[in-house]
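Per-entry structural report
The chain contents come next:
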Amino acid sequence: MVPPARERIVVAMSGGVDSSLAAARLVDAGHEVVGVTLHLWDYPGDERASGGHGRCCAPEDQYDARRVADALGFPHFTFDRRSLFARTVVDPFTRAYLDGETPSPCTACNRGVKLAELFAIADRLGAARVATGHYARVVRDESGTPRLAMGADRDKDQSYFLYATPRPWLERLVFPLGESTKAQVRAEAVARRLPGAGKGESQELCFVGAGPNAYADFVASRAPDRVRPGRILDESGRVVGEHDGVHRFTVGQRKGLGIALGRPAFVTRIDAAAGTVHVGGDEELRRDSASLDDLVLAEGVVLPTRARVRVRYRHEGADATVDAAGTRAARVVFDVPVRAVTPGQIAVLYDGDRVIGGGRVTREALP
């Protein structure tokens, strides 16, 4: 939703179609727009040219964003945040995989880098609000309190990645695309002839890239001294294969295991300390509960509570009871067992279409 009264608004610009149209809509509404691109990552060699990476991190993106700003007639600035990004997102990502977890770097980036830096920059520039091209909404409850809510396009909804957004930020956040579908956004950008309107979608992590072994190779390149081979064990503890490192596996994985059991086999558990990867059938993947740490709750939410819990971005959600389990920790008990509850992933809690909290899935209580 676009604010009706004229304000100075900092717009996060990635050079892609979503942020470009978000900025265009704010210009149309008469706001004083200031475009900001955060330079977060550099790519070696010709990986950008070959299309091996997604967008939003590299120097090329700032040029695309500036073209849009010039076309729409507002200033644009680029800020170097590469060190912060490496420290806050990339290094924890690497450690998590080596520890047998599957991290959610986009949630960490939005929380600790993008939004945090955008609000700091907005304050320096005297901007009342910050806008992004996320498919999410900010709605008001009966008391007027702002609540993060799902975008109208459920296939593109990105509220999951923004679950930890605190109230002071929600008071100032603007999502100009929140009520639109991706198809509508693309068509409008093309009709307006915005630079970059024909760009494709980013499918992979912006700093890792594409390919079947991209994640594992990236982790190994950043911490080669921690990579070690180990054993693959079945449900009975029998050795059924060998592996080159636990960072090459994630709970629920079926392809690329390098074993043949004569039946479908999935990764059910990863023991990084022992260097073992455990495999089993689909039933061994299902969990009745999950433990969360680093818990964030929306203002006014009290535990225990009922919620629809999404245990990963593409999960449709499962009904559950969520109860406190210590300081900034919770226990989630699902009504029906959930498949592939994965340590390191983020579980986000919903009440209808509103986000009421979230936390990181831990190894606790997982066999």
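Below is a summary of the structure that appears in this document. (Residues numbered from 1 in each chain as written. Predicted model: local features only at pLDDT ≥ 70, side-chain atom pairs only at ≥ 80, totals over all residues. Heavy atoms only, no water.)

Turning our attention to the sheet that holds strand 3 (residues 76–80). Spatial strand order, 3-2-1-4-7: five strands in an open sheet with parallel pairing. The open sheet terminates on both sides in strands that have one partner only, identified here as strand 3 and strand 7 (173–174). Across two bridges, strand 4 (residues 129–131) lies against strand 7 in parallel orientation. Paired with Val130 across the two strands is Leu173, which belongs to strand 7. Contacts from helix 4 (residues 105–125) reach strand 1 (8–12), strand 2 (32–39), strand 3, strand 4 and strand 7 within the one sheet, and its direction differs from that of strand 2 by about 135 degrees. (Pairing = 2+ DSSP bridges. Helix = DSSP H or I, 4+ residues; strand = E, 2+ residues; numbered from the N terminus. Contact = heavy atoms within 4.5 Å. Axes fitted to C-alpha atoms, helices over the stretch in contact; angles between N-to-C directions.)

Time to look at the pairing of strand 9 (residues 239–243). In this sheet, strand 9 lies alongside strand 8 (residues 230–233) in antiparallel orientation, the contact comprising four bridges. Bridge pairing in strand 9 links Arg231 to Glu242. Connecting strand 8 to the next strand, strand 9, in antiparallel fashion are five residues, including Gly237 with a positive phi near 90 degrees.

On to the environment of Phe85. With respect to the helices, strands and loops of the structure, Phe85 is situated in helix 3 (residues 82–98). Classification of Phe85 as buried rests on a relative accessible area of 1%. Note: C-alpha distance between Phe85 and Ser289 (204 residues apart in sequence) is 32 Å. (Buried < 20%, exposed > 50% of the residue type's maximum accessible area, 1.4 Å probe, protein only.)

Bringing the sheet that holds strand 9 into the picture now. Strand order in this open sheet of four strands is 9-8-11-10, and the pairing throughout is mixed. The open sheet is flanked by strand 9 and strand 10 (266–271), the only strands paired with a single partner. Shown here is a sheet whose adjacent strand axes are inclined to one another by a mean of 25 degrees, direction ignored.

A word on the pattern of salt bridges. Scanning all chains against the criterion turns up 32 salt bridges. Where Arg248 meets Asp217, a salt bridge forms, and the shortest distance between an N and an O atom there is 3.5 Å. A residue pair is termed long-range when its members are at least 10 positions apart, and Arg248 in the loop between strand 9 and strand 10 and Asp217 in helix 7 (residues 214–222) qualify at 31 residues. Its relative accessible area of 31% is what places Arg248 among the partly exposed residues. With a relative accessible area of 42%, Asp217 lands in the partly exposed category. In this structure, Arg339 engages Asp282 in a salt bridge whose closest nitrogen and oxygen atoms are separated by 2.6 Å. In this pair, Arg339 is assigned in strand 15 (residues 330–339) and Asp282 in the loop between strand 11 (276–280) and strand 12 (286–297), connecting sequence segments 57 residues apart. On the basis of relative accessibility, which here comes to 27%, the residue Arg339 falls in the partly exposed class. Salt bridges here are not isolated pairs; linked through shared partners, they connect Arg25, Asp28, Glu188 and Arg192. (Salt bridge = Lys/Arg side-chain N within 4 Å of Asp/Glu carboxyl O.)

As a further point, take the pairing of strand 17 (residues 354–361). Regular strands have side chains that alternate between both faces of the sheet. Of all eight residues in strand 17, six are buried, a share of seventy percent or more. Relative to strand 17, strand 12 is paired through four bridges, and the arrangement is antiparallel. Within strand 17, the position partnered with Asp293 by the bridge is Arg360. Both strand 16 (residues 346–351) and strand 17 contribute to a ladder of six bridges, which runs antiparallel. What sits directly across from Ala347, in strand 17, is Gly359. Counting the residues that bridge the hairpin from strand 16 to strand 17 gives two residues, and of these Gly352 lies at a positive phi of roughly 65 degrees.

Here we come to the environment of Arg147. Positionally, Arg147 belongs in strand 6 (residues 146–150). Sequence spacing of Arg147 and Pro166 is 19 residues, and the spatial spacing of their C-alpha atoms is 9.5 Å. In this structure, Arg147 is in contact with Arg137, Val138, Val139, Asp141, Leu170, Ala298, Glu299 and Arg354, ignoring residues within four places of it in sequence.

This paragraph deals with the packing of aromatic side chains. One pass over the structure, following the stated rule, counts 14 aromatic pairs. Summarising the aromatic geometry, the rings of Trp41 and Phe218 are spaced 6.1 Å apart at their centres and angled 55 degrees between planes, so their arrangement reads as tilted. Taken together, the residues span a long stretch of sequence, with Trp41 in the loop between strand 2 and helix 2 (59–72) and Phe218 in helix 7 at a distance of 177 residues. Each member of the pair, Trp41 together with Phe218, is buried. Aromatic side chains Tyr97 and Tyr215 sit 6.3 Å apart centroid to centroid with 90 degrees between the ring planes, which places their arrangement in the edge-to-face category. (Phe/Tyr/Trp six-rings, centres within 6.5 Å; stacked < 30°, edge-to-face > 60°.)

What follows covers unusual backbone geometry. Cis peptide bonds are those with omega within 30 degrees of zero, and the linkage from Leu303 to Pro304 qualifies with 5 degrees. Note on placement: Pro304 falls in the loop between strand 12 and strand 13 (305–310). Despite not being glycine, Arg328 shows a phi value in the positive range, around 55 degrees. Its place among the elements puts Arg328 in the loop between strand 14 (318–324) and strand 15. Under the relative-accessibility criterion, Arg328 is labelled partly exposed at 44%. With a phi close to 55 degrees, Ala340 is a non-glycine residue in the positive phi region.

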